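Below, each chain spelled out in residue letters.
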Amino acid sequence: MVDIGKGAGDKGTSDNPPLVVLENVNKHFGELHVLKDINLTIDQGEVVVIIGPSGGGKSTLCRSINRLEPIDGGSIMIDGKKLPEEGRELARLRADVGMVFQSFNLFAHKTILENVTLGPMKVRKVGKAEAEKHAMELLERVGIGSQAGKYPAQLSGGQQQRAAIARALAMKPKVMLFDEPTSALDPEMVKEVLDVMTDLAEEGMTMIVVTHEMGFARRAARKVVFMADGQIVEESTPDEFFTNARTDRAKDFLSKILTH
Ligand SMILES: Nc1ncnc2c1ncn2[C@@H]1O[C@H](COP(=O)(O)OP(=O)(O)OP(=O)(O)O)[C@@H](O)[C@H]1O
Ligand SMILES: [Mg+2]
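None of these values were measured; they are calculated from a predicted model.

Caption draft 1: Spotlight on the environment of His109. Locating His109 in the fold gives a position in the loop between strand S6 (97-100) and helix H3 (112-122). C-alpha of His109 to C-alpha of Ala131: the two residues are 22 residues apart in sequence and 19 Å apart in space.

The following block contains the structure:
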């Protein structure tokens, strides 16, 4: 495997232990072995893009890092702590992991501002005034400050997805997971969401991003993980992966998305 740990990024990692460590993670859905001995280490400030064919286990991997799915073997550590099975400690650790899905999952009957302040007030016990101040800063940062008083249905898809990103950031997560955040968007809205994500990456946020947006992968990712049939098949730099994939499985996948 190519050494991509050194010199590839500008955020020195030697002083910091890895933020996310998956060791021999296994997961079944009944007979189906969906995650097969997954080993993955993500440093503080690192951006990892996960790419691969449908059904390969990408979403399941994201969901297990957030404990939305229990795993049946191996371990997942976030910032040096093993994810607990359940309870209050789990809620606290889960709040360290922000998640943005393909469908925006905003609460329809709450305003954008309320969507963003809800988590901090309920889970982090932040006061209303402070939560609103922080929420407005985040909404400005993702470019939708003027939409704060509206309801999700009054926003475009791209605006809703940026609200979902602000909502996740409001919890001050240590790592952000994005599962195909732009695949439900009209093409003209994809860029505004990717721009927000690129800014986040440049600010040093640790990110795990499932996406087939290769422009984003090349621009923002330090590492590309190619996943198929529940396994990590290749792990390399974006440049290496897109110009010189090593396995036939990855070459075949790339030829399909490139000619698509
Ligand atoms: N809740 C579930 N119960 C049973 N099987 C599931 C469940 N969720 C996912 N699977 C199966 O697990 C496998 C991996 O699914 P997953 O959604 O992780 O793939 P993916 O790589 O995200 O695919 P896509 O690119 O289509 O989003 C698939 O075969 C899927 O049918
Ligand atoms: Mg998926």
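Resuming the write-up.
Caption draft 2: Broad picture of the UniProt feature "domain: ABC transporter" (unreviewed entry) in the protein. UniProt annotation of "domain: ABC transporter" (unreviewed entry) refers to residues 20-254 when read in the numbering used here. Taken end to end, residues 20-254 comprises 38% helix and 26% strand; its first and last C-alpha atoms sit 27 Å apart.

Caption draft 3: Quick look at unusual backbone geometry. Here the phi dihedral of Asn24 falls at roughly 45 degrees; this positive angle occurs in a residue that is not glycine. Tracing the backbone through its elements, the reader meets Asn24 in strand S1 (residues 20-29). Here the phi dihedral of Glu180 falls at roughly 45 degrees; this positive angle occurs in a residue that is not glycine. Topologically, Glu180 is positioned in the loop between strand S7 (175-179) and helix H6 (187-202). Its relative accessible area of 23% is what places Glu180 among the partly exposed residues.

Caption draft 4: How the structure looks around the packing of aromatic side chains. Counting across every chain of the model gives three aromatic pairs. Plain terms: the ring middles of Phe226 and Phe253 are 5.5 Å apart, the flat faces sit at 45 degrees to each other, and that makes the pair tilted. Taken together, the residues span a long stretch of sequence, with Phe226 in strand S9 (residues 223-228) and Phe253 in helix H9 (residues 248-259) at a distance of 27 residues. The class for Phe253 is buried, based on a relative accessible area of 8%. Among the aromatic residues, those joined into a ring-pair cluster are Phe226, Phe241, Phe242 and Phe253.

Caption draft 5: Quick look at the site of ligand 1. The full set of residues close to ligand 1 is Phe29, Leu32, Val34, Pro53, Ser54, Gly55, Gly56, Gly57, Lys58, Ser59, Thr60 and Glu180. Note that an oxygen atom of ligand 1 is positioned 3.0 Å from one of the backbone N or O atoms of Gly57. Measuring from an oxygen atom of ligand 1, one finds a side-chain N or O atom of Thr60 at 2.5 Å. Relative to its unbound accessible area of 640 Å², ligand 1 is 58% covered by the protein chains. Examining the composition of the shell around ligand 1, we find that three residues originate from one element, helix H1 (residues 58-65), more than from any other. Within the shell around ligand 1, the residues separate by chemical class into four nonpolar, six polar and two charged.

Caption draft 6: Up close: the packing of H3 against helix H5 (residues 157-169). In the contact formed by H3 and H5, the axes pass within 8 Å of each other and the chain directions differ by 25 degrees. Considered as vectors, H3 and H5 are oriented roughly parallel to each other. Crossing hand, H3 versus H5: right-handed. Along its contact with H3, which presents Ile112, Asn115 and Val116, the element H5 presents Ala163, Ala166 and Arg167. Looking at the contact of H3 with H5 residue by residue, the class counts come to four nonpolar, one polar and one charged.

Caption draft 7: Layout of the pairing of strand S4 (residues 73-78). Bridge analysis of S1 against S4 gives five bridges, and the strand direction is antiparallel. Bridge assignment links Leu22 to a residue of S4, and that residue is Ile76. Summarising the sheet, S4 and strand S5 (residues 81-82) pair through two bridges and their orientation is antiparallel. In the sheet register, Met77 faces S5, and the bridge partner there is Lys82. Between the antiparallel neighbours S4 and S5 lie two residues, among them Asp79 with a positive phi of about 50 degrees.

Caption draft 8: Broad picture of the sheet that holds strand S3 (residues 47-51). The six strands lie next to each other as S6-S7-S8-S3-S9-S10, forming an open sheet whose pairing is mixed. Because the sheet does not close on itself, it has two edges, and the strands there are S6 and strand S10 (231-236). Each strand axis lies, on average, 20 degrees off the axis of its neighbour in the sheet, ignoring direction. Bridging between S7 and strand S8 (residues 206-210) involves five bridges; their strand directions are parallel. Opposite Leu177, over in S8, you have Ile208 as the bridge partner. Sheet contacts for H5: S6 and S7; angle to S6, the most-contacted strand, approximately 170 degrees.

About the cut-offs
Residues numbered from 1 in each chain as written. Chains lettered and ligands numbered in written order. Predicted model: local features only at pLDDT ≥ 70, side-chain atom pairs only at ≥ 80, totals over all residues. Heavy atoms only, no water. Helix = DSSP H or I, 4+ residues; strand = E, 2+ residues; numbered from the N terminus. UniProt positions renumbered as here; feature names shortened; annotations may be inferred. Buried < 20%, exposed > 50% of the residue type's maximum accessible area, 1.4 Å probe, protein only. Phe/Tyr/Trp six-rings, centres within 6.5 Å; stacked < 30°, edge-to-face > 60°. Near = heavy atom within 4 Å. Polar contact = N/O pair within 3.5 Å; in protein donor to acceptor, adjacent residues only side chain to side chain. Areas by Shrake-Rupley, 256 points an atom, 1.4 Å probe, with all protein chains shown as cover. Nonpolar A, V, L, I, M, F, W, Y, C, P; charged D, E, K, R; others polar. Axes fitted to C-alpha atoms, helices over the stretch in contact; angles between N-to-C directions. Parallel < 35°, antiparallel > 145°, perpendicular 65-115°, else oblique. Left-handed = near helix turned anticlockwise from the far one by under 90°. Contact = heavy atoms within 4.5 Å. Pairing = 2+ DSSP bridges.

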